[in-house]
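Architecture and fold: a report
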Amino acid sequence: MLNMRLAQPEHLIDLNDLIELDRVIDHGEWVEVGALTRHHRVATAPEIRQGVPLLADAAATIGHYAIRQRGTLGGSLVQADPAAQLPLVAVTLGADVMVRSRRGRRTVAAAEFLRAIMSVDLAGDELVTGVCFPRQPDGERWAFDLFSRRHGDFAIVAVALTLQLDDAGAIVALRLGVGGVGPVPMRLTAVEQRAVGLVPDGDTILDLARNAAAAITPEDDPLVPAKYRRDLVETLTARALRRVTADWPEVTT
Amino acid sequence: MTAPVTLSLAVNGAVHEVTVPPRKLLSDVLREDLGLTGTHVGCEHGVCGACTILIDGQPARACLTFAVQMEGHDLTTIEAVSEGDRLSPLQQALHQVHGLQCGFCTPGIIMTVTAYLRDHPDPDEVEIRDLLSGNLCRCTGYQNIVKAVIRAAAEIRARAPA
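Quantities reported herein were computed from a predicted structural model and do not represent experimental measurements. (Residues numbered from 1 in each chain as written. Chains lettered and ligands numbered in written order. Predicted model: local features only at pLDDT ≥ 70, side-chain atom pairs only at ≥ 80, totals over all residues. Heavy atoms only, no water.)

**Considering the interface of chain A and chain B**
With 18 residues of chain A at the contact, the number on the chain B side is 25 residues. Both sides together, the interface formed by chain A and chain B hides about 1,600 Å², and carbon and sulfur atoms give 54% of it. Taken together, the connections running from chain A to chain B amount to zero salt bridges. Here chain A and chain B share six residue pairs in polar contact (both at pLDDT 80 or more) between them. Taken together, the residues of the side of chain A that touches chain B sort by class into six nonpolar, six polar and six charged. (Contact = heavy atoms within 4.5 Å. Buried area = accessible area lost by both parts, 1.4 Å probe. Salt bridge = Lys/Arg side-chain N within 4 Å of Asp/Glu carboxyl O. Polar contact = N/O pair within 3.5 Å; in protein donor to acceptor, adjacent residues only side chain to side chain. Nonpolar A, V, L, I, M, F, W, Y, C, P; charged D, E, K, R; others polar.)

Spelled out as structure tokens, the structure:
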């Protein structure tokens, strides 16, 4: 932001040495990740890999190895790039953003925290201290996928999903989040509701993916036509659904 | 606020005192104030990887960091990679298999890969290519850099005490 002269703040405070905010705490139902936790740690911490694997997989796709050593969870949330991985996962999983100031503490749902392109619900005297992610239930499947023109670039479109199946193979719960298609990442709740009770075979996956593409209203921009984004949503959703169904590894114990 | 500030930087095991404007990039301070010109500056916005150094042992872009942020941190640059007059295993491998041509990107690649091999001693080729995606090289086509990393990793493993 500074480098591109998009932000020209009068004062700049370096938070990097607040190492107490570089932390991962497993609270059981929730996994709390400190705002200064680096992407590399988010991608590799055992508590996150076990408790919130969608988050870990998404963090592993950010930028490049050196970038992941410095970039932070809080930084990504507050920057609120519409195509960024971690805001998308926070919205998809229904995470809570923890905010603190001298006036006190408050918690705000990620979907409400992200207001518009690069704009968040944060006053000038407030600091994001961490994010609480709900633990993914046992047996839940997950997939994160994105498309960018160069490896490591910001996504044009990114998709995050979780899926629970019953013993008969029918969908009990689907969470489907998309990024890069509007000002903020969003859940496609109509598609999620449509999926319940369906058995995700090839035709059903295509139907759900088409519905996902129809549920968004991207705008044309000079580099990416709206239709291209819709096609990407369809392709990435179908691919992610296949990954959590036909391609999901059998559990071997 | 933009008046120069005096700070001490721990670089390659020595502490240096410099007086620089607070907005001066770490990459520029290393090169201009400390004379450590092995850290190269390419894109100046974190994309090309030429300025990669180690901050507390982890690879990072010196062009995305202000020098004033680095008090109390341990910096390592390309100048500290060779073992005296002996090239490091990675430097030697890059030399042997022609993993560089103009050499501009090479310091950043060496810093990135050196730190990675310390934590991942036996990477496969896919992993190496993913790692190298953070460092642009316009000469080699990367093939020989990948070969050099594989060779260096094997050499480092062979040297490690069993």
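Having put the structure on the table, let's press on.
**With respect to the domain arrangement of chain A**
Residues and elements named next belong to chain A. When the domains of chain A are assigned, the result is domain 1 (19-134) and domain 2 (141-243). On a C-alpha basis, the centroid separation for the pair domain 1 and domain 2 is 22 Å. Every contact between the two is made by 22 residues of domain 1 and, on the other side, 24 residues of domain 2. In total, about 1,900 Å² of surface goes out of reach between domain 1 and domain 2, with carbon and sulfur atoms giving 72% of it. (Domains from an automatic or database assignment.)

**Brief notes about the side chain of A:Asp145**
All names here are of chain A. Note on placement: Asp-145 falls in strand 8 (residues 141-147). Residue classification places Asp-145 among the buried residues on the basis of a relative accessible area of 10%. Of the polar contacts made by the side chain of Asp-145, one reaches the side chain of Arg-239; its length is 3.2 Å. In this structure the side chain of Asp-145 is engaged in a polar contact, spanning 3.3 Å, whose partner is the side chain of Arg-243. In this structure Asp-145 touches Val-157, Ala-158, Val-159, Leu-236, Arg-239 and Arg-243, once residues within four positions along its chain are discounted. (Helix = DSSP H or I, 4+ residues; strand = E, 2+ residues; numbered from the N terminus. Buried < 20%, exposed > 50% of the residue type's maximum accessible area, 1.4 Å probe, protein only.)

**Some words on the packing of aromatic side chains**
Throughout the structure, instances matching the rule amount to two aromatic pairs over all chains. Ring centres 4.8 Å apart and planes at 80° place the aromatic pair A:Tyr65 and B:Tyr116 in the edge-to-face group. You can see A:Tyr65 sitting in helix 4 (residues 65-68) and its partner B:Tyr116 sitting in helix 3 (residues 106-119), one on each of two chains. The same class applies to A:Tyr65 and to B:Tyr116, which are both buried. Taking 5.1 Å as the distance between ring centres and 80° as the angle between the ring planes, the aromatic pair formed by A:Trp142 and A:Trp248 counts as edge-to-face. One end of the pair, A:Trp142, is in strand 8; the other, A:Trp248, is in the segment after helix 10 (226-243), with 106 residues separating them in the sequence. (Phe/Tyr/Trp six-rings, centres within 6.5 Å; stacked < 30°, edge-to-face > 60°.)

**Quick notes on the packing of helix 2 (residues 89-96) of chain B against helix 3 of chain B**
All names here are of chain B. Interhelical geometry of helix 2 versus helix 3 gives an angle of 130° and a closest axis separation of 10 Å. One element, helix 2, and the other, helix 3, form an angle in the oblique class. As helix 2 runs across helix 3, the sense of the crossing is right-handed. Facing Leu-90, Gln-91 and Leu-94 of helix 2, the residues of helix 3 in contact are Thr-106, Ile-110, Val-113 and Thr-114. (Axes fitted to C-alpha atoms, helices over the stretch in contact; angles between N-to-C directions. Parallel < 35°, antiparallel > 145°, perpendicular 65-115°, else oblique. Left-handed = near helix turned anticlockwise from the far one by under 90°.)

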